[in-house]
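Notes for the structure review
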Amino acid sequence: MHYSIGQLAALTGLPVKTIRFYSDEGVLPAPDRTPSGYRRYTEEHRAHLELVRTLREIGLDLATIRSLGHRRLKDVLALHLKVVETQIGALQRTRAVLRATLDKDDPAEEDLRRLHALGRVGKAEMARLLDAFIDEVGGNVAARREWLAGMREAMLPDLPEEPTTAQLDAWLELASLLADPGFQENLRTMSEDFWARPREDLDAWRRATATLLNEVAAALAAGIAPDSTEADPMLERVLELTGQSGEEMLRGFDEHDPRSERLWELVAIVRGMERPWPQAAAYAWIEQALRARL
């Protein structure tokens, strides 16, 4: 069955002007035309027009609807759900900032800056920043890129629905740190020699590092101070596992970019974890133990 634009308007309840606009803008599939140039719409156009009207009513813009083409309704609604969830997340962050700001007797300009920045850095944007960070730091070394990709989940925290001011600030600082070209460059250049090792050496290093962190964590849990004589056997074990001398390991700490620890601190703050991050605490213990002896 075919319909004129007037008949289609009567069936759908939409103005002729709106249907013509949708047709001209590519939101509605182009109809055939009679020899005289009149548009001839089909049942498919009618169904598509009903879908367009529904999507407009739930908030999708015309550009998004046009890009959907002939996808299934389920796919369309799944996309809209993602949009809504993103909007909800942004509103929750805004609400948290407003509440924290209103609790102050004299809100400052920094509160407005925070509010503006959080509107731009949601979970999707943080994920994009982290992906770009992994790409830049990984460089052209496949093993390093693989290792960073494996760390992605741990490095990408979820901002709580009711974040504290500290969590909001940590979220923004984390975004800034991930986007810092200088930080990316430092991490990439400092690790070049390490990632140039043969793959079997890297696998052995991963196993040794896991053992090292577990054993140092046990020493921390036992309350062994890094500068105590009780720490000596543990430090010897650390040097054995790393295959380094104390001087070599301490030199590595001196050349290390402290922003690496800050990254994990920020992740811990956003997650609401007790600081410091367990791995950072273990390495801090090792550094303190070395400096107490060298």
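For the structure itself, look to the data block above.
Here is a short report on the structure shown in this document. Please read all numbers here as calculations on a predicted model, not as lab measurements.

About the thresholds
- Residues numbered from 1 in each chain as written.
- Predicted model: local features only at pLDDT ≥ 70, side-chain atom pairs only at ≥ 80, totals over all residues.
- Heavy atoms only, no water.
- Helix = DSSP H or I, 4+ residues; strand = E, 2+ residues; numbered from the N terminus.
- Buried < 20%, exposed > 50% of the residue type's maximum accessible area, 1.4 Å probe, protein only.
- Contact = heavy atoms within 4.5 Å.
- Areas by Shrake-Rupley, 256 points an atom, 1.4 Å probe, with all protein chains shown as cover.
- Salt bridge = Lys/Arg side-chain N within 4 Å of Asp/Glu carboxyl O.
- Arc of directions from axis to C-beta.
- Core = buried A, V, L, I, M, F, W, Y, C linked by side-chain atoms within 4.5 Å.
- Phe/Tyr/Trp six-rings, centres within 6.5 Å; stacked < 30°, edge-to-face > 60°.
- Axes fitted to C-alpha atoms, helices over the stretch in contact; angles between N-to-C directions.
- Parallel < 35°, antiparallel > 145°, perpendicular 65-115°, else oblique.
- Left-handed = near helix turned anticlockwise from the far one by under 90°.
- Nonpolar A, V, L, I, M, F, W, Y, C, P; charged D, E, K, R; others polar.

Focus: the overall build of the protein
Helix and strand content of the protein: 17 helices and two strands. Across the 294 residues that make up the protein, the buried fraction comes to 36%. Relative to all contacts within the protein whose residues are 6 or more apart in sequence, the contacts with residues 24 or more apart total 64%. For the protein, the exposed surface amounts to about 17200 Å²; the carbon and sulfur share of it is 53%.

Re the pattern of salt bridges
For the structure on display, the rule yields 15 salt bridges. Salt-bridge contacts for Glu215 lead to Arg237; the nearest nitrogen and oxygen are separated by 2.9 Å. Here the residue Glu215 occupies a position in helix α13 (residues 199-221), and Arg237 occupies one in helix α14 (residues 232-242), the gap between them amounting to 22 residues. For Glu215, a relative accessible area of 26% translates into the label partly exposed.

Some words on helix α2 (residues 16-25)
For α2, the complete set of buried residues consists of Ile19, Tyr22 and Ser23. Mapping the buried residues of α2 onto a view down its axis gives an arc of 100 degrees, with all of them on the same face. For α2, the secondary structure elements touched by its buried residues are α1 (5-12), β2 (39-40), α3 (43-57) and α4 (62-68).

Some points on the nonpolar core
In terms of nonpolar packing, the biggest core is built from 30 residues, with Met126, Phe133, Leu178 and Leu263 touching the most fellow members. Elements that contribute at least two residues to this core include exactly α7 (123-138), α10 (165-178), α11 (181-190) and α16 (259-271). Element by element, the count of residues in this core is highest for α10, at eight residues. Beyond its immediate chain neighbours, meaning those up to four positions away, Met126 contacts Val121, Leu156, Trp171, Leu174, Ala175 and Leu178.

Considerations on the packing of aromatic side chains
Inspection of the entire model under this criterion finds two aromatic pairs. Ring centres 6.3 Å apart and planes at 50 degrees place the aromatic pair Phe21 and Tyr22 in the tilted group.

Comments concerning α1
Those residues of α1 not exposed but buried are Ile5, Leu8, Ala9 and Thr12. Viewed end-on, α1 has its buried residues packed into an arc of 100 degrees, placing them on one side of the element. For α1, the elements touching its buried residues are α2, β2 and α3. Phi for Gly13, located one or two positions after α1, is positive at around 80 degrees.

Details of the packing of α1 against α3
Packing of α1 against α3 leaves a shortest axis separation of 11 Å and a crossing angle of 50 degrees. As far as their axial angle goes, α3 and α1 are oblique. Judged by the twist between their axes, the crossing of α1 over α3 is right-handed. Two secondary-structure elements touch here, α1 through Leu8, Leu11 and Thr12 and α3 through Arg46, Leu49, Glu50 and Arg53. Of the residues in the contact of α1 with α3, the class split is three nonpolar, one polar and three charged.

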